[in-house]
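Structure assessment
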Amino acid sequence: MATTSLWHIKGQLSDLIDYVENPEKTKLTSDMKNFVNVFSYDINPNKTNNQQFVTAINCKKEIALEQMILTKKQFNKEDKYIAWHGYQSFKPDEVTPEICHEIGVKLAKQMWADRFQVIVSTHLDKEHLHNHFCFNSVSFLDGKKYNYSKPEMQRLRDLSDELCKEYGLSVIENSQMNAPSRTLYFAEKNNEPTKYNLMRTAIDEAIKISPAPKEFVRIMKKKGYIVDINPQRKYATIRSVNDSRNTRLKTLGEKYDWSNIVEQINTQDGFTLFPAYQEFNRGNKMKYIKPEKYIFKGSFATVKKVTGLKGLYLYYCYRLGYLPKKKQHKPLSPEMKQAWRKIDRYSNQVRLISKYNLNDTDKVKQFISDNKEQIAIITNQRNQIYNKLRRCKDTEQISSLKSERNVCTKKLTKLRKEIKIANTILNDVDEMKMNIKAEMNIQHQRFAPTKQKRRELQWER
């Protein structure tokens, strides 16, 4: 099994030329360092077994960098992407170093050897053997730059899989073209309430209390998800009631494929029906629960109602379960559960709304505009202080000017922070209203049958 990836190296060609001429005095960016280190084999000879597993294609490995620079100069392509850097990584203990390097060289020849100068190096310093590919962004044949598109990405994967099959190695089945974003990846890794984690949790809970697949679909709808198992479609899908896009169940993991869900429901041990369902089967009528009455002392006329953005935020925090603290309210909809990750952000927003009495979006926009004007004035004042500092030679006056400068900097920091929070308010208001609507719809679906039964019992009496 082999995984592949490719990314561009961005920088100035002049920096690369300076490094070639005088590597000890040249400072490079982190990306450029990674790129150059592939050519600097003597820095870490243990990685390539003293250059035993290094192959140059369309160039000489001793002067590969110099040849790539000459190609760029020849076609006057010295800007933007300097080169491309990628890898091909194998499963631990699946290949030998010789086979790993042989596959890497074949892959590089099939992908880039007809137009580009390529270096292939096999690194042995990790548990999993892997090949590094570094090649010039400019073709020595026609001077055109390499274009890494989605078809090219798929071609790289397909050729790598074909070579793995040729050598009798395993291949990744059902590989996905679209990898998750960096934010989503780390959120999933930390078990935070992301869209997909919430789906998995809801499915696991529904499986435990589902006597049949049809009941599973009904329970998932009460949890705020629509599961589509239409036999005319190739894949079963799931989506939130407030979402327009479907997600294939199999993308959540092999365990969550529809066939595996059905198997888990049919084979689970120790399943017991709900107590209310057992009572219904025995022929017993449900007991009517009399609602409790509370006496309120005072007058509602004197209570000032919270409205506007502040009211919206307070109600949203209650729906999230953040308010009140004595009795925890558990949100029902997936969107509200996912929004819990932003609770600190909402807290900062409602504090700003309360502090400056920002009751509607127009006031928020005016607040942003006023703060920007203040920033321009304070920035001008600070620039004048900087000009005085350059000309000033008196020690006491310098310390006084520096303290004035620090005061201006603190004011600017505060204003910029408040502008940032105000901008998030404008971005979040519509989303909050949609989430509250979805929460209310799910609550209605969940409790409507119970209310209907109570009405029927009252009518029978």
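Residues numbered from 1 in each chain as written. Predicted model: local features only at pLDDT ≥ 70, side-chain atom pairs only at ≥ 80, totals over all residues. Heavy atoms only, no water.

**Considering the overall build of the protein**
- If you tally the helices and strands in the protein, you get 15 helices and 8 strands.
- Restricting the contact set of the protein to residue pairs at least 6 apart, pairs at least 24 apart contribute 68%.
- Total accessible area on the protein stands at roughly 29,800 Å², and carbon and sulfur atoms take up 50% of it. (Helix = DSSP H or I, 4+ residues; strand = E, 2+ residues; numbered from the N terminus. Contact = heavy atoms within 4.5 Å. Areas by Shrake-Rupley, 256 points an atom, 1.4 Å probe, with all protein chains shown as cover.)

**What about the sheet that holds strand β7 (residues 237-240)?**
- The 3 strands are arranged β6-β7-β8 in an open sheet whose pairing can be described as antiparallel. Strands with a single pairing partner mark the edges of an open sheet, and in this sheet they are β6 (225-228) and β8 (247-248).
- Relative to β8, β7 runs antiparallel, the two sharing 2 bridges. Looking at β8, one finds that I238 is bridged to T247.
- Across the sheet, helix α8 (residues 213-222) is in contact with β6 and β7; its angle to β6 comes to roughly 150°. (Pairing = 2+ DSSP bridges. Axes fitted to C-alpha atoms, helices over the stretch in contact; angles between N-to-C directions.)

**Brief notes about the confidence of the model for the protein**
- Per-residue confidence for the protein gives a mean pLDDT of 78, with 75% of residues at or over 70.
- By mean pLDDT, helix α10 (residues 275-281) is the weakest element of the protein at 42, and helix α4 (residues 97-111) is the strongest at 92.
- Throughout residues 272-286 the model reports pLDDT below 50, and contacts reaching past four residues in sequence, or to other chains, amount to 8 contacts. (pLDDT = per-residue confidence, 0-100.)

**Focus on the nonpolar core**
- Counting 32 residues, the largest nonpolar core has Y316 and I425 as the members making the most contacts within it.
- Once you skip the residues sitting within four places of it in the chain, Y316 turns out to touch M336, A339, Y346, M432, N435 and I436.
- Judged by nonpolar contacts, the second largest core, of 27 residues, contains M111, L129, F133 and L163. (Core = buried A, V, L, I, M, F, W, Y, C linked by side-chain atoms within 4.5 Å. Buried < 20%, exposed > 50% of the residue type's maximum accessible area, 1.4 Å probe, protein only.)

**With respect to the packing of aromatic side chains**
- Under the defined criterion, the tally for this structure stands at 11 aromatic pairs.
- Consider the rings of W84 and Y148, whose centres lie 5.6 Å apart with planes at 65°: the pair is edge-to-face. A residue pair is termed long-range when its members are at least 10 positions apart, and W84 in strand β3 (residues 81-90) and Y148 in the loop between β5 (130-136) and α5 (150-166) qualify at 64 residues.
- Ring centres of Y146 and Y148 lie 6.3 Å apart, and the angle between their planes is 25°; on these two criteria the pair is classed as stacked.
- Three or more aromatic residues link up through ring pairs in this structure, and these residues are W84, W112, F116, F133, F135, Y146 and Y148.
- We note K250 situated over the ring of Y235; from NZ or CZ to the ring centre the distance is 5.0 Å. (Phe/Tyr/Trp six-rings, centres within 6.5 Å; stacked < 30°, edge-to-face > 60°. Lys NZ or Arg CZ within 6 Å of the ring centre and 35° of its normal.)

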